[in-house]
Amino acid sequence: MEVKTSLLDNMIGVGDMVLLEPLSEDSFLENLKNRFDHSEIYTYIGSVVISMNPYRSLPIYTPDKVEEYRNRNFYELSPHIYALADEAYRSLRDQDKDQCILITGESGAGKTEASKLVMSYVAAVCGKGQEVNKVKEQLLQSNPVLEAFGNAKTVRNDNSSRFGKYMDIEFDFKGDPLGGVISNYLLEKSRVVKQPRGERNFHVFYQLLSGASDDTLKKLKLYRDFSKYNYLSLDSAVVNGLDDAANFRTVRNAMQIVGFMEDEVQSVLELVAAVLKLGNIEFKPESRCNGTDESRIKDKNDLKEMCELLGIEQSVLERAFSYRTVEAKMEKVSTTLNVAQAYYARDALAKNLYSRLFSWLVTRINESIKAQTKTRHKVMGVLDIYGFEIFEDGDNSFEQFIINYCNEKLQQIFIELTLREEQEEYVREGIEWTNIEYFNNAIICDLIENNQNGILAMLDEECLRPGTVTDETFLDKLNTVCAEHQHFESRLSKNSKFLNDHSLPHSCFRIQHYAGKVLYRVEGFVDKNNDLLYRDLSQAMYKANHSLIKQLFPEGNPAKVNLKRPPTAGFQFKASVGTLMRNLQTKNPNYIRCIKPNDKKASHIFTESLVRHQVRYLGLMENVRVRRAGYAFRQAYEPCLERYKMLCKRTWPHWRGPAREGVEVLMADLQVPAEEFSYGRSKIFIRNPRTLFFLEERRRQCLQDLATLIQKIYRGWKCRSQFLLLKQSQIVVAAWYRRYAQQKKYQRIKSATTVVQSYTRGWQARKLLRELKYQKRCEEAATTIAAYWHGTQVRREYRKYFRANAGKKIYDFTIQRILQKYFLGLKSTMPSMSPIDKNWPARPYLFLDGTHTELRRIFHLWRCKKYRSQFTEEKKAVYEEKLEASEIFKDKKALYPSSVSQPFKGDYLEISKNPKYQKLSSAMDEKVLLADVVNKINRANGKGTARIFLLTKKSVVLADQKTGQVKASVPLPDLTSVSVSTQSDGFFALKLKEGSASAVKGDFLLSSEHLIEIITKLHRIGATAADREQLNVDISDEFLVQFKQDKVCVKFIQGAPKNGNSVSCKRKNNRLLEVSVPSTA
Ligand SMILES: Nc1ncnc2c1ncn2[C@@H]1O[C@H](COP(=O)(O)OP(=O)(O)O)[C@@H](O)[C@H]1O
Ligand SMILES: [Mg+2]
């Protein structure tokens, strides 16, 4: 079910002033302020919307908001301009009622914004489609164009509309927009030539100079410099937050969308430029000889440029600024203009040019946006007109008078329409009509507009009157005609109670408007009403070679000279206001009353005095009173019953029957006094807001109780369902737990059973095994016994057939088999024949250890023998010698190991072949076994001399190395022993038999590289000769030698390798010869 809301919900203050209790100006303001402080800028007075300007953007105009307010009843949601727009649009669409939206309020109160909001809302909710969207776009885009030309910055509003605007938007039967018609009222054209302090000329001038391209400016002969133009005020040329250049582009774009042709735009800009140029034309006085004052144009350049722009002949315009032609009857009289008149003429031209351009723009826009089809259409009019204007210092002039007159008229139709509507409703609802006391301002309207003696009529009369006419004569006239009027005051008015009131100056009159007293200064009334443009000027304009200018000044056409005066401004305005009022009266009015909260254009500031003033002159209190005069509040029965049905047991929760009866039951039950309400046909009318608030309060309490009840039931339900859920869960949990516990228990029992079972089975099996084993043993024992028994039997039977040594045979056979295998195996794993090969196959059986070793030895010996058997005799001898050397020296002398590898060559000197030793060889009677060069150590000093050492079977011979002369020959039998050291030296001493012939000089101490060979050979000779004792070989590091008579000890020491590796020998003293052998290590 859709939730029904109401304006009454969540109200800040009261949303509808009609419900204000008690109603007074203070409480009214208090309510406005309260709401304004809470950003509630809209408040209703019945169906009238009061709008406070927030001076800041509020988030209440979003597409969401549009949706929220769309198709909702007016009082359903909190007050909003959208509610009004929706109401108006729906009653237009659904009830076929033409609508008008009247927006009033003082300058800066937000009227224009409100009108735009209404238009944008309608545009958002009405039909869609290509054609419709184009129309919408054109309607919306007409705003920027009109604002550029008709709005200006004023002290009150940076974007103040300086004209009144009424726009009819036309819709078809479906509610789709078809087009529109705009009417404009009274552009404040005086602004073109002069602006009050702190204000600006119309936006378009600034926009053109800031935003146009250099090219455009050049074409228009303009400079991008405000200060160059007299008509532009400079002190506030730049407005904060207003981007003129960007706006210029917006305007151009909007003009294009609305449908302006490029050349039309150009013409419009040329006119704007011409106005600026016009302002720069200045005059200087020139006295003529006939005594009259004339004026001359100071600098003709601007005039020239302007004429070029507009295609006017310069001389024509120049003349028009100098002369004035008055045509009376058939006569033409030309008078010269003095400087003041020339300036007046110039400004009049500028004002006219601009205001006519503006009117042309409106007409041109209308041409574009007018509905294309001729079908009957519904209309929604939006009126954005300047509000009541009062300048405090009494500086109110003709414009204010006109404006205020317009507002007076609006107020009148407001009262009329409101009352009429109220009355109609009562009639419709069948409620008795009670007369309502209210102030009717028709009397003031009459004062102004009466055709006989109204102020406007007086003014016209005065303007048309021949003779001297001044503002003062006009005032005099007023004083005589209106003096009796109770809303008119002036110093001279006969009934004036203020005769002595000095606050009322002489040149002023005061009107007591419905919204307050306004003091008007008569100065300028006549002029402004006349709105005079000298015919010479309009004719000059008509002569222009510029189609737009020509169009704007049709009265300049000489063919259509009209001697009648053009209608006065006042007359025109009255006429257009009249038309407007008639138009509005045919429509269903919707009011938006704009209020400006402060003078500073600031958000959040609520200046009470200012608002109070506006509330007064807008007649808002009147408005509330009128609205409350009968019944303050009314509501259809259905929503009323829906809203309050809980206040009565019989209607709660459902009332079955007509809503009206339900409401009657309800009211009776609540004991509301009968005079407080009336039953209409479809609505209940409540006389006093108090009653409504009583109902609301009861409803609030009841809602609280209901809320408690709902809460109670809900809580009970919630707890119960929670409990049921818990219970359910508990059962589930318990079931699962039990299952789990039983499973566990079962598994325990099962495993215990298994254990018991396994033990039992084990025990049984073991028992069985034991029995089986026993059985088996018994069987085995029986078998064994049987076998033995059988064996014994068999043996006993067969003993005679067995050989006693069968076992040994088998053993031998086995051994043989093993040995056979061993030897056959050995055959295949035999090592090589090389005597030095140490390989030998591994032993297969332990018991073959001895055999194996022995076989190895035998094999080795055999292979050695094999090896030896290859030797020749000579080689054999050589090996024998080497063997002998080994026997003598091995492990005894350090020199030995190095000799093993050296073959024993014997004859190193090749003595038989070398011719050098021929003599020596021939001297030898025996074969030379060894010939070598040795060192003979000098017995006296130990120095060595090289000697040839020869060895034969019989002797040792020492000979001179060079000459080969024999130095000593020792027969071998004289040699007793040879001494050598244990070390690696080659020293050896040949010891001679004492007393022998050779021993005269003593023993020989020699040294040879082939010591081992020499000694071995010496030893061998001894060994082979049967007649001789074997030569002794002493190996010792200290031995004695016989040098002549002395026994000298030759001592071998390990010497430091001083002079390389050579062995040094030194005779130390008589008894000691020291041989130092370098250590071989
Ligand atoms: N509803 C609004 N929300 C925000 N700002 C507003 C609103 N109404 C008016 N204003 C501000 O106030 C200024 C004056 O409003 P405007 O409609 O031009 O006043 P008026 O037409 O009554 O002279 C606007 O330029 C805008 O800045
Ligand atoms: Mg405005």
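Residues numbered from 1 in each chain as written. Chains lettered and ligands numbered in written order. Predicted model: local features only at pLDDT ≥ 70, side-chain atom pairs only at ≥ 80, totals over all residues. Heavy atoms only, no water.

Enquirer: Hey, could you run me through empty space enclosed by the protein in this one?
Expert: One simple way to see leftover space: roll a probe sized like a water molecule over the atoms. Counted by the stated rule, this structure contains 6 cavities of 30 Å³ or more. Quantified by volume, the largest cavity comes out at close to 90 Å³. As for the largest cavity, its lining consists of Met119, Val122, Ala123, Cys126, Lys136, Leu139, Leu140, Ile169, Phe171 and Pro177. Those elements that provide at least two residues to the lining of the largest cavity are α4 (111-125), α5 (130-150) and β6 (164-171). Split by residue class, the lining of the largest cavity holds 9 nonpolar, no polar and 1 charged. (1 Å grid on protein atoms, 1.4 Å probe; cavity = no way out; pocket = protein on both sides within 12 Å on 5 of 7 lines; lining within 4 Å. Points joined across faces, edges and corners; volume = space filled by probe spheres on them. Helix = DSSP H or I, 4+ residues; strand = E, 2+ residues; numbered from the N terminus. Nonpolar A, V, L, I, M, F, W, Y, C, P; charged D, E, K, R; others polar.)

Enquirer: Would you mind going over the site of ligand 1 with me for this structure?
Expert: In the vicinity of ligand 1 lie 15 residues, with Asn53, Gly108, Lys111, Thr112 and Glu113 positioned nearest. One of the side-chain N or O atoms of asparagine 53 is found 2.7 Å from an oxygen atom in ligand 1. At 3.4 Å, a backbone N or O of asparagine 159 approaches an oxygen atom of ligand 1. A total of 550 Å² of accessible area belongs to ligand 1 in isolation, and the protein chains cover 84% of it. Considering only residue class, the shell around ligand 1 consists of 4 nonpolar, 7 polar and 4 charged. (Near = heavy atom within 4 Å. Polar contact = N/O pair within 3.5 Å; in protein donor to acceptor, adjacent residues only side chain to side chain. Areas by Shrake-Rupley, 256 points an atom, 1.4 Å probe, with all protein chains shown as cover.)

Enquirer: In this structure, what is going on with the nonpolar core? I would like to understand it.
Expert: Within soluble globular proteins, side chains that are nonpolar generally end up buried alongside one another. Core analysis: the biggest nonpolar cluster contains 215 residues, and Phe28, Phe149, Leu317, Phe321 and Phe509 have the highest contact counts within it. Broken down by element, the residue count for this core peaks at 15 residues, all from helix α13 (residues 339-369). Setting aside anything within four residues of it in sequence, one finds phenylalanine 149 in contact with Phe202, Val204, Val268, Val272, Tyr354, Leu357, Phe358 and Leu361. Counting residues in hydrophobic clusters, the runner-up holds 31 residues, among them Leu930, Leu972, Leu990 and Leu1031. (Core = buried A, V, L, I, M, F, W, Y, C linked by side-chain atoms within 4.5 Å. Buried < 20%, exposed > 50% of the residue type's maximum accessible area, 1.4 Å probe, protein only. Contact = heavy atoms within 4.5 Å.)

Enquirer: When you look at the pattern of salt bridges in this model, what are you seeing that I'm missing?
Expert: Two side chains carrying opposite charge are able to pair once their charged atoms lie near each other. Taken as a whole and judged by the stated rule, the model has 63 salt bridges. Among the ionic pairs, glutamate 780 bridges to lysine 776, the shortest N-O distance being 4.0 Å. Of this pair, glutamate 780 and lysine 776 are both found in helix α26 (residues 689-798), 4 residues apart, which corresponds to roughly one turn of the helix. Given a relative accessible area of 41%, glutamate 780 falls into the partly exposed group. One salt bridge in this structure joins glutamate 1074 and lysine 1068, with 3.6 Å as the shortest N-O distance. Within the structure, one salt-bridge network assembled from shared partners comprises Glu25, Asp26, Glu608, Arg612 and Arg616. (Salt bridge = Lys/Arg side-chain N within 4 Å of Asp/Glu carboxyl O.)

Enquirer: Honestly, the state of the cysteines in this entry has me stumped. Any pointers?
Expert: Across all of its chains, the model carries 0 disulfides by this definition. There is no disulfide at cysteine 1065, and the cysteine sulfur nearest it, in cysteine 1049, is 12 Å away. (Disulfide = S-S within 2.5 Å.)

Enquirer: What's the story with the coordination of the magnesium ion (ligand 2) in this structure? I'm lost.
Expert: Think of it this way: four donors in a tetrahedron around the metal ideally sit 109.5 degrees apart, and six in an octahedron ideally sit 90 or 180 degrees apart. Those donors, Thr112 (OG1) and Ser161 (OG), are the protein atoms that reach the magnesium ion (ligand 2), and they lie 1.9 to 2.1 Å from it. In this pair, threonine 112 sits in helix α4 while serine 161 sits in strand β5 (residues 160-161), placing the two residues 49 residues apart along the sequence. Given a relative accessible area of 15%, threonine 112 falls into the buried group. The exposure class assigned to serine 161 is buried, which follows from its relative accessible area of 15%. (Donors = N, O, S within 2.8 Å, 3.2 Å for Na, K, Ca; no water.)

Enquirer: Sorry, what's going on with the sheet that holds strand β18 (residues 677-679) here?
Expert: Strand pairing in a sheet relies on backbone hydrogen bonds. The paired strands run either parallel or antiparallel. A sheet is described by the order of its strands in space; here 3 strands give the open sequence β17-β19-β18, paired in antiparallel fashion. In this open sheet, the two strands that pair with only one neighbour each are β17 (633-636) and β18. Taking each pair of neighbouring strands and ignoring which way they run, the sheet shows an average axis angle of 15 degrees. (Pairing = 2+ DSSP bridges. Axes fitted to C-alpha atoms, helices over the stretch in contact; angles between N-to-C directions.)

Enquirer: Looking at this structure, how should I read helix α15 (residues 442-449)?
Expert: Residue pairs spaced three or four apart in an α-helix point in one direction, given the helix's 3.6 residues per turn. What α15 keeps buried is the set Ile444, Cys445, Leu447 and Ile448. Around the axis of α15, the buried residues are gathered within 155 degrees of arc, so they sit on the same side. Residues of α15 that are buried in the fold lie against α14 (398-429), α16 (455-464), β13 (488-490) and β14 (508-513). (Arc of directions from axis to C-beta.)

Enquirer: Teacher, can you tell me more about helix α22 (residues 608-617) here?
Expert: All of the buried residues in α22 are Leu610, Val611, Arg612, Gln614, Val615 and Tyr617. Summarising the contacts, the buried residues of α22 are in contact with α1 (25-37), β2 (48-52), β16 (588-595) and α23 (620-629). In the segment just after α22, glycine 619 is the residue with positive phi, at about 65 degrees.

Enquirer: Would you explain the side chain of glutamate 305 in this entry?
Expert: Looking at where glutamate 305 falls in the secondary structure, it is placed in helix α11 (residues 300-310). Under the relative-accessibility criterion, glutamate 305 is labelled buried at 13%. Polar contacts involving the side chain of glutamate 305 include one to the side chain of lysine 277, which spans 2.5 Å. Ignoring sequence-local partners within four residues, the contact set of glutamate 305 consists of Lys221 and Lys277.

Enquirer: Where do I start with the pairing of strand β3 (residues 99-104) in this structure?
Expert: Residues in a regular strand point their side chains to alternate faces of the sheet. Across the 6 residues of β3, 6 count as buried, placing the element largely inside the fold. The two faces of β3 match: Gln99, Ile101 and Ile103 on one face and Cys100, Leu102 and Thr104 on the other face are all buried. Sheet topology places β3 next to β16; 6 bridges connect them, and they run parallel. Considered in β16, the bridge of leucine 102 is made with tyrosine 591.

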